[in-house]
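Read off the chains here:
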Amino acid sequence: MTQSITYVPHGTIPDWRGFSPSIVAQRLGTRFSFFSNSFVCASEIYSEKQSASESLGIIRRIGPSPLYTRLFTKWTKLDPCPLDARLAKICEQFKPSVVHAHQLEFPVTRFLQRLSYRPKIVLHAHAVRDFEARLGEADLYLPVSDYTRKQLIERGFPAAKTQVLYNGVDTDVFAPASATERADLLQRIGTGVLANAPAGALVIGFVGRKEVDKGYLDFLLPVQALQAAGYPVVGLSAGPTPRSTFEHPQWQEQEALRQTLLNPADGRVRLIDLPAMPHKQVQSVYKLIDFFVFPSRFVGEQHPLALLEAMSCGCAVVTSPIASVRETVTPDQDGVILPDAWHAESLTQALRNLLDDPQRTGQLRAQARHRALDFDWSRIAGQLETHYFALIS
C-alpha cells in the first residue's frame, strides 16, 4: 500500500485533552482504505517513543528532552534540531508519498531541503493565519470549512490549492441513546444527585471550554430563567475552565451564577457541572442531553466538532450564527440558528419555543441525526484519500 504520514506537532495520538487537530488527525488517519498511514506527533503525557496497535497503527512520538529544552529553548533561544528535522529523518527511512501536517505554519521549504526525495505536502487548516511565502508553498491546503477557506484566500493562500475538508463525527459512537442506555448513564451520575431533580426533567447541555466567549454564561442564564418560569429543566455542562477566562470582565458574573445553580437554597438540582474528560468519554454526556446549546462568540471558531457530535447524538441544537455554522445546520430543519444580533434572552426564547412544542423538537432531533450522517468520518476520510490520489497520480 502507498505510505502516508500524519504529523501533529502540537498534539499527540491518542488524544487525551480534547485537542481538535489531534482528534481530527486520529479519526482520519485510521480510516483509510488505500493508504497505509502512520502518525508522528508530540510526546506530551506518553513516555513511549513508538507504539503500535491494531486500531491506531504505528505512532512515533518526537519532542525535545528536558535538557534540550533547557539548553536551547530557555537559555540560548536556539533550536538546532527542530521538530520538522526529526520528522524528515523518519520520512527518509520510510519514504511516504504524502506528508499531511496538521499545522498551517509548517516550514515546507526547510523540510523539503532536508529530504532526498519529494513527497507531496498537505497542510490542514484548523485556524486562520496570513500566508508566509518564506515558509514555502504546500501542494494542498485543507481548511475545515468554506468559511475558513475564504479567509485563507483573503490572507494570500493560493485559491487553486485550497480545498475544503470538513471535520467529521463517528456516527456509530456518537449515536442517540436507547432508553436503557440513558437510564444507565443517569444511574452512573448518581441517584443522590438526581433524586432532587424535577420529575421528568429535560436536559439543556453545554460541552466545551467554560469561557464567556465560548458561551458558558449564555448557557447558564437561560437555564436559570427557564427554571424560574417553571420549566422542568436541568443544566448539564462538561469541559475545562482555562485560567485565561479568569481575566474576562464577566468572569465573576459567570462564576456567581454557576455557584447559585450548583447550590440552590431549596436543594433542588439546577446544574450538573462535570470537568473536562477524554474525547472518547464525552459521547456519554451528549447522550444525556435533550437540548444542546452552542452560544459561542469565539472569533476562532471554524467548524465546531461539538456541534456535529451533538447532532449525531440526536440532540435538538440551538446555536449562534458564528463561523461555518450554516454549513452544518439548516435553520429550522435540523437545528435552530439564533439571529445575528442575538443575546441570552434570544437563546432563552428559542429554548422556550422548543419546550412548548415537543413535536417540532422531535422532528429537529431526527433531522439533526440524519444531517450528521453526511459528516461521518469514513466519508470524510474517503474524500481525503481522493485528494491524496490526485496529488500523487
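Scroll up to find the structure.
Residues numbered from 1 in each chain as written. Predicted model: local features only at pLDDT ≥ 70, side-chain atom pairs only at ≥ 80, totals over all residues. Heavy atoms only, no water.

Draft legend 1. Expanded view of the overall build of the protein chain. A count of helices and strands for the protein chain gives 15 helices and 13 strands. The C-alpha extent of the protein chain, read off along each of the three principal axes, is 70 × 45 × 40 Å. Out of the 393 residues belonging to the protein chain, those deemed buried represent 50%. For the protein chain, the exposed area adds up to about 17600 Å²; of that, 52% sits on carbon and sulfur atoms. Each charge sign in the protein chain was given a centre, from 41 positive and 39 negative side chains, and these centres are 6 Å apart. (Helix = DSSP H or I, 4+ residues; strand = E, 2+ residues; numbered from the N terminus. Buried < 20%, exposed > 50% of the residue type's maximum accessible area, 1.4 Å probe, protein only. Areas by Shrake-Rupley, 256 points an atom, 1.4 Å probe, with all protein chains shown as cover. Lys, Arg positive; Asp, Glu negative; His and termini not counted. Charge placed at Lys NZ, Arg CZ, Asp CG, Glu CD.)

Draft legend 2. Fine view of the packing of aromatic side chains. Summed over all chains, the structure comprises 16 aromatic pairs. Aromatic side chains phenylalanine 246 and tryptophan 251 sit 4.7 Å apart centroid to centroid with 50 degrees between the ring planes, which places their arrangement in the tilted category. Since its relative accessible area comes to 17%, tryptophan 251 is described here as buried. Through pairs of rings, three or more aromatic residues link up here, namely Phe32, Phe34, Phe35, Tyr388 and Phe389. The lysine or arginine in question, arginine 17, covers the ring of phenylalanine 19, its NZ or CZ lying 4.3 Å from the ring centre. Between the NZ or CZ atom of arginine 297 and the centre of the ring of tryptophan 342, over which it lies, the distance is 3.9 Å. (Phe/Tyr/Trp six-rings, centres within 6.5 Å; stacked < 30°, edge-to-face > 60°. Lys NZ or Arg CZ within 6 Å of the ring centre and 35° of its normal.)

Draft legend 3. The arrangement of the layout of surface pockets in detail. The space that makes up the largest pocket amounts to roughly 1200 Å³. For the largest pocket, the lining is made up of 46 residues, of which Gly18, Phe19, Ser20, Arg209 and Lys214 are closest to its centre. Those elements that provide at least two residues to the lining of the largest pocket are helix H1 (20–29), strand S8 (202–207), helix H10 (279–286) and helix H11 (305–312). The class makeup of the residues in the lining of the largest pocket is 24 nonpolar, 15 polar and seven charged. (1 Å grid on protein atoms, 1.4 Å probe; cavity = no way out; pocket = protein on both sides within 12 Å on 5 of 7 lines; lining within 4 Å. Points joined across faces, edges and corners; volume = space filled by probe spheres on them. Nonpolar A, V, L, I, M, F, W, Y, C, P; charged D, E, K, R; others polar.)

Draft legend 4. Region of interest: helix H13 (residues 344–355). Relative to the 16 Å expected for twelve residues at 1.5 Å per residue, H13 spans 16 Å between its end C-alpha atoms, a close match to the ideal helical length. Listed as buried for H13 are Ala344, Ser346, Leu347, Thr348, Ala350, Leu351, Leu354 and Leu355. (Expected span 1.5 Å × (residues − 1).)

Draft legend 5. The packing of helix H8 (residues 216–228) against H13, seen in detail. Across the interface, H8 lies against H13 with an axial gap of 9 Å and an inter-helix angle of 50 degrees. Between H8 and H13, the angle is such that the two are oblique. At the point where H8 passes H13, the crossing takes the right-handed sense. Facing Asp218, Leu221, Pro222, Ala225 and Leu226 of H8, the residues of H13 in contact are Ala344, Leu347, Thr348, Leu351, Arg352 and Leu355. Its residues placed into classes, the contact of H8 with H13 shows eight nonpolar, one polar and two charged. (Axes fitted to C-alpha atoms, helices over the stretch in contact; angles between N-to-C directions. Parallel < 35°, antiparallel > 145°, perpendicular 65-115°, else oblique. Left-handed = near helix turned anticlockwise from the far one by under 90°. Contact = heavy atoms within 4.5 Å.)

Draft legend 6. Seen up close, the pattern of salt bridges. For the structure on display, the rule yields 26 salt bridges. The salt bridge involving aspartate 273 is made with lysine 210; its shortest N-O contact spans 2.8 Å. Of the two residues, aspartate 273 is situated in strand S10 (residues 271–274) and lysine 210 in the loop between S8 and H8; the sequence distance between them amounts to 63 residues. The class of aspartate 273 is partly exposed, set by a relative accessible area of 22%. (Salt bridge = Lys/Arg side-chain N within 4 Å of Asp/Glu carboxyl O.)

Draft legend 7. Molecular detail of the nonpolar core. The biggest cluster of nonpolar side chains holds 33 residues, and the ones touching the most others in it are Tyr286, Ile289, Phe292 and Leu307. At the level of elements, S8, strand S9 (233–238), H10, strand S11 (291–294), H11 and helix H14 (358–372) are the ones that each hand at least two residues to this core. In this view, phenylalanine 292 contacts Gly205, Phe206, Val207, Tyr286, Ala306, Leu307, Ala310, Cys315, Ala316, Val317 and Val318; residues no more than four positions away in its chain are not counted. With 26 residues, the next largest nonpolar core counts Phe219, Phe291, Val293 and Leu338 among its residues. (Core = buried A, V, L, I, M, F, W, Y, C linked by side-chain atoms within 4.5 Å.)

Draft legend 8. Examining the packing of H1 against helix H15 (residues 377–392) more closely. The geometry of H1 relative to H15 is characterised by a closest axis approach of 9 Å and an angle of 80 degrees between their N-to-C directions. Regarding the angle of H1 to H15, the classification is roughly perpendicular. Residues Val24, Arg27 and Leu28 of H1 lie in contact with H15, whose contacting residues are Trp377, Ile380, Ala381 and Leu384. Class assignment of the residues belonging to the contact of H1 with H15 gives a composition of six nonpolar, no polar and one charged.

Draft legend 9. Representation of the pairing of strand S5 (residues 98–101) in the model. Along S5, one buried face is formed by Val98 and His100 and the opposite face, lined by Val99 and Ala101, is buried too. Bridge analysis of strand S1 (residues 2–8) against S5 gives four bridges, and the strand direction is parallel. Pairing of tyrosine 7 across the sheet is with alanine 101, part of S5. Two elements, S5 and strand S6 (residues 120–125), share four bridges in a ladder whose sense is parallel. Residue pairing in the sheet places histidine 100 in a bridge with valine 122 of S6. (Pairing = 2+ DSSP bridges.)

Take it as geometry only, folks, not as evidence of what the structure does.
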